[in-house]
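Architecture and fold: a report
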Amino acid sequence: EDKVVQSPLSLVVHEGDTVTLNCSYEVTNFRSLLWYKQEKKAPTFLFMLTSSGIEKKSGRLSSILDKKELSSILNITATQTGDSAIYLCAVDYSWGKFQFGAGTQVVVTP
Amino acid sequence: DTGVSQNPRHKITKRGQNVTFRCDPISEHNRLYWYRQTLGQGPEFLTYFQNEAQLEKSRLLSDRFSAERPKGSFSTLEIQRTEQGDSAMYLCASSLSRGMDEQYFGPGTRLTVT
């Protein structure tokens, strides 16, 4: 059965800290891995990863895929309170079908 | 606003009633997805369309659930004889279908079944 597992489930950090979120997957036909940020509304797209070892970066956020380890990490440096959200990982495993993980809840305290 | 829109945003209904939700995707997107999300979980795939064709339905989707996309533009999701377990956020997303395309989500419809 295809599955996507995220860890940790939740974490609390202080402003300025760096966080690393993990996503591991077991799917039969991997095509891409996506990261989304979800605040009190719909998920918003962050990154799409298809190739192993190539880091994608957007401001203080970065992500990388390791196809050998069947995993990805999302890093947030110099965290701000506005980074508080649920971060979702999703895997495209069958021509546009997506399996989501349960998400990691990040709380950034002032 | 050219994003994905969903209506209504909130729906409270009594058990046993039928409900229908609408999703308007981004206009040039030919793929449209429906997901269900409950507290503490990621979005759970329900079904998706390529233009007007429904390509796949999750086995989790009971026969009380039906979705349509009659003209390949907006879509409706109907739940018949609602149960309390149907209470959830119903999310719609759309994408292009060029190969590897990210999904853009709508704001969701929160359903509460009393």
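Right, let's walk through the structure included here. (Residues numbered from 1 in each chain as written. Chains lettered and ligands numbered in written order. Predicted model: local features only at pLDDT ≥ 70, side-chain atom pairs only at ≥ 80, totals over all residues. Heavy atoms only, no water.)

**Concerning the overall build of chain B**
When you go through chain B residue by residue, the secondary structure sums to zero helices and 11 strands. Reading the helices (α) and strands (β) of chain B from amino to carboxyl end gives β-β-β-β-β-β-β-β-β-β-β. The C-alpha atoms of chain B give 13 Å as radius of gyration, which agrees with the globular expectation for 114 residues (13 Å, within 12%). The principal-axis extent of the C-alpha atoms belonging to chain B is close to 40 × 30 × 25 Å. (Helix = DSSP H or I, 4+ residues; strand = E, 2+ residues; numbered from the N terminus. Rg over C-alpha atoms; globule rule 2.2 N^0.38 Å.)

**Quick word on unusual backbone geometry**
Keep in mind that most residues, glycine aside, have a negative phi and that most peptide bonds are trans. Cis peptide bonds are those with omega within 30 degrees of zero, and the linkage from Ser 7 of chain A to Pro 8 of chain A qualifies with -10 degrees. Structurally, Pro 8 of chain A is set in the loop between strand S1 (3-7) and strand S2 (10-14). For the bond running from Asn 7 of chain B to Pro 8 of chain B, omega is -10 degrees, close enough to zero to count as cis. The residue Pro 8 of chain B is located in the loop between strand S1 (5-7) and strand S2 (10-13) in this model. At Leu 70 of chain A, a position not held by glycine, the phi torsion is positive, near 55 degrees. By the element assignment, Leu 70 of chain A lies in the loop between strand S7 (61-66) and strand S8 (71-76). In this structure Leu 70 of chain A comes out as partly exposed when scored by relative accessible area, which is 36%. (Buried < 20%, exposed > 50% of the residue type's maximum accessible area, 1.4 Å probe, protein only.)

**Let's talk about the nonpolar core**
Grouped together as the largest cluster of nonpolar side chains are 23 residues, with contacts concentrated most on Leu 21, Tyr 25, Leu 33, Trp 35, Tyr 87 and Val 91 of chain A. Where this core is concerned, the elements lending two or more residues are S2, strand S3 (19-26), strand S4 (32-38), strand S5 (44-49), S7, S8, strand S9 (85-92) and strand S11 (104-109) of chain A. Grouped together as the second largest cluster of nonpolar side chains are 19 residues, Trp 34, Phe 65, Ala 88 and Tyr 90 of chain B included. (Core = buried A, V, L, I, M, F, W, Y, C linked by side-chain atoms within 4.5 Å.)

**With respect to the sheet that holds strand S8 (residues 75-79) of chain B**
Residue and element names in this part refer to chain B. The strand order across the open sheet formed by four strands is S1-S3-S8-S7, and the pairing between neighbours is antiparallel. Two strands in the sheet have a free side with no partner beyond their single neighbour: S1 and strand S7 (65-68). Adjacent strand axes in the sheet meet at a mean angle of 15 degrees when their direction is disregarded. Here strand S3 (residues 19-24) pairs with S8 via five bridges, running antiparallel. Bridge assignment links Thr 20 to a residue of S8, and that residue is Glu 78. (Pairing = 2+ DSSP bridges. Axes fitted to C-alpha atoms, helices over the stretch in contact; angles between N-to-C directions.)

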